[in-house]
Amino acid sequence: MPFSFLSHLECSRTGARFDADAVSGTSPEGAPLLARYDLERVRGAVTPGDIAARPPDLWRYHEVLPVRSPEHVVTLGEGMTPLLPMRNYGGRAGVPRLLMKDEGLIPTGSFKARGAAVGVSRAAELGVRGIAMPTNGNAGAAWALYAARAGLAGLIAMPADAPPITMKECQVSGADLYRVDGLIGDAGKLVAAAVPERNGYQEVSTLKEPYRLEGKKTMGYEIAEQLGWRVPDVILYPTGGGVGIIGIYKAILEMQELGWLGPKLPRLVAVQATGCAPIVDAFERGARESVPPADARTVAFGITVPKALGDFLVLDAVYATEGTAVAVTDEELLDAQRELARLEGAFICPEGAACFAALGKLRESNWLGEEDEVVVLNTGAGIKYPETVDLDAPLLARTEPIPSD
Ligand SMILES: *Cc1c(COP(=O)(O)O)cnc(C)c1O
């Protein structure tokens, strides 16, 4: 029985088919390539019951992942993160059936590890020697560390004001790290110019190679499996390049075709920060593509993406599931971060906190109902962003003497 049922790559704009066993970037039109599988045969090869008996990591879905041989799997134990009830926060927000999928518990502290595990494994399997990418921090950190485990070189460029821990993760992994005075697009130009000069390197920017998406789609498989092979009513996702939301939607369609899920779709919500909200802006105009904002700035660094290559795929997923797109301010998301730690003991990343802030807005407008079962993706650990907590804030800074209570 094959380990993977990968059949071909497909252009996300034209549907044209391409060989999956060559190192691949985008389609000739410059659009993302989607990995396709022989799902008819997967259906006969494996059942949800078989999967239940496998180790608790994302490789339990290997038939619908692109790595052909188990020897090429590069893993640090990623996947099967907890799906936790958030009763206190949900109760206050008027959404009692609130769940958080906590990706802060994954290697490298962000869900970028999923894309890196699968992307690096497949790149190494296809003979790539080095990976190169622009990043807002977490993706570079994850790819640099997984590349080190796979014995690949790493070339990472990121804005100089990206979270310092993510630079340190690149540094400690032995990758070449470049700090760029500008945004992720500027880092992208640097990488695009460097890659042709380096033998055996592949550019692995967001959606410019097909396999990061496959790693991230496993969040969709896990949510369905953890709920007993069904989907929730709503999923909120902090959207930058959009790989997670595109991946979750792809996973749901695959599971429907496999007969593992019924016809119900969760309403998918793209959450952004008002300082950089091109997807929300496009949604509000009813558009199918986004226009980059003139200025882009938010403390939720991972979602500072002015122009996503896959914007049309994010918007397709939102429209097709009768979802929505909503933006919150930095102040709102930092408040939500604090509230979540106080009410639930969960110190989450600012990107994940944006979704919790959005939850309140969507409930107030009645877009969310009290009976809705809602899953929020917390995409990373709060401890990667110590600068989001101000020790000098009046309620936090305490000095002696300690008063009695
Ligand atoms: C990258 C990142 C995001 C956004 O992910 P996309 O797949 O680019 O939309 C959200 N949260 C965190 C913590 C990230 O690092």
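Residues numbered from 1 in each chain as written. Predicted model: local features only at pLDDT ≥ 70, side-chain atom pairs only at ≥ 80, totals over all residues. Heavy atoms only, no water.

- For the protein chain, an unreviewed UniProt entry supplies the name Threonine synthase and the organism Actinomadura darangshiensis.
- Recorded under Cofactor (unreviewed entry), the UniProt text for the protein chain is reproduced unchanged: "pyridoxal 5'-phosphate". (UniProt positions renumbered as here; feature names shortened; annotations may be inferred.)

**Some words on the overall build of the protein chain**
Move 1: Broken down by element type, the protein chain carries 13 helices and 13 strands.
Move 2: For 405 residues, the compact-globule formula gives about 22 Å, and the C-alpha radius of gyration of the protein chain, at 20 Å, lands near that figure.
Move 3: Along the longest, intermediate and shortest principal axes, the C-alpha atoms of the protein chain span 65 × 45 × 45 Å.
Move 4: The proportion of buried residues among the 405 residues of the protein chain is 59%.
Move 5: Contacts in the protein chain between residues far apart in sequence, at least 24 positions, make up 72% of those at least 6 positions apart.
Move 6: Within the structure as shown, the protein chain displays about 16300 Å² of accessible surface, and the carbon and sulfur contribution to it stands at 52%. (Helix = DSSP H or I, 4+ residues; strand = E, 2+ residues; numbered from the N terminus. Rg over C-alpha atoms; globule rule 2.2 N^0.38 Å. Buried < 20%, exposed > 50% of the residue type's maximum accessible area, 1.4 Å probe, protein only. Contact = heavy atoms within 4.5 Å. Areas by Shrake-Rupley, 256 points an atom, 1.4 Å probe, with all protein chains shown as cover.)

**Here's the deal with helix α11 (residues 311-320)**
Move 1: In terms of burial, α11 is a largely internal element, 7 of the 10 residues being buried.
Move 2: Looking only at α11, the buried set comprises D311, F312, L313, V314, L315, A317 and V318.
Move 3: Those residues of α11 hidden inside the fold are in contact with α9 (243-258), β11 (267-273), α10 (278-285) and β12 (324-328).
Move 4: At the exit of α11 stands E322, carrying a positive phi of roughly 55°.

**Description of the packing of α9 against α11**
Move 1: Two elements in contact, α9 and α11, have axes whose closest approach is 9 Å; the angle formed by their N-to-C orientations is 50°. With respect to their mutual orientation, α9 and α11 come out oblique. For the element pair α9 and α11, the recorded crossing hand is left-handed. In this structure, α9 contributes I245, I246 and Y249 to the contact, and α11 contributes L313, V314, A317, V318 and A320. (Axes fitted to C-alpha atoms, helices over the stretch in contact; angles between N-to-C directions. Parallel < 35°, antiparallel > 145°, perpendicular 65-115°, else oblique. Left-handed = near helix turned anticlockwise from the far one by under 90°.)

**Some remarks on empty space enclosed by the protein**
Move 1: In total, this model carries 2 cavities of 30 Å³ or more according to the counting rule given.
Move 2: For the largest cavity, the calculated volume is near 70 Å³.
Move 3: At 3 residues, the largest contribution of residues to the lining of the largest cavity is made by helix α4 (residues 112-125).
Move 4: A class-by-class count of the residues in the lining of the largest cavity yields 8 nonpolar, 3 polar and 2 charged.
Move 5: Its boundaries defined by the atoms lining it, the second largest cavity holds a volume of some 30 Å³.
Move 6: Forming the walls of the second largest cavity are G220, I223, A224, V231, P232, I235, I248 and I252.
Move 7: Only α8 (212-226) and α9 provide two or more residues apiece to the lining of the second largest cavity.
Move 8: Looking at which element gives the most residues to the lining of the second largest cavity, the answer is α8, with 3 residues.
Move 9: Of the residues that constitute the lining of the second largest cavity, the class distribution is 7 nonpolar, 1 polar and no charged. (1 Å grid on protein atoms, 1.4 Å probe; cavity = no way out; pocket = protein on both sides within 12 Å on 5 of 7 lines; lining within 4 Å. Points joined across faces, edges and corners; volume = space filled by probe spheres on them. Nonpolar A, V, L, I, M, F, W, Y, C, P; charged D, E, K, R; others polar.)

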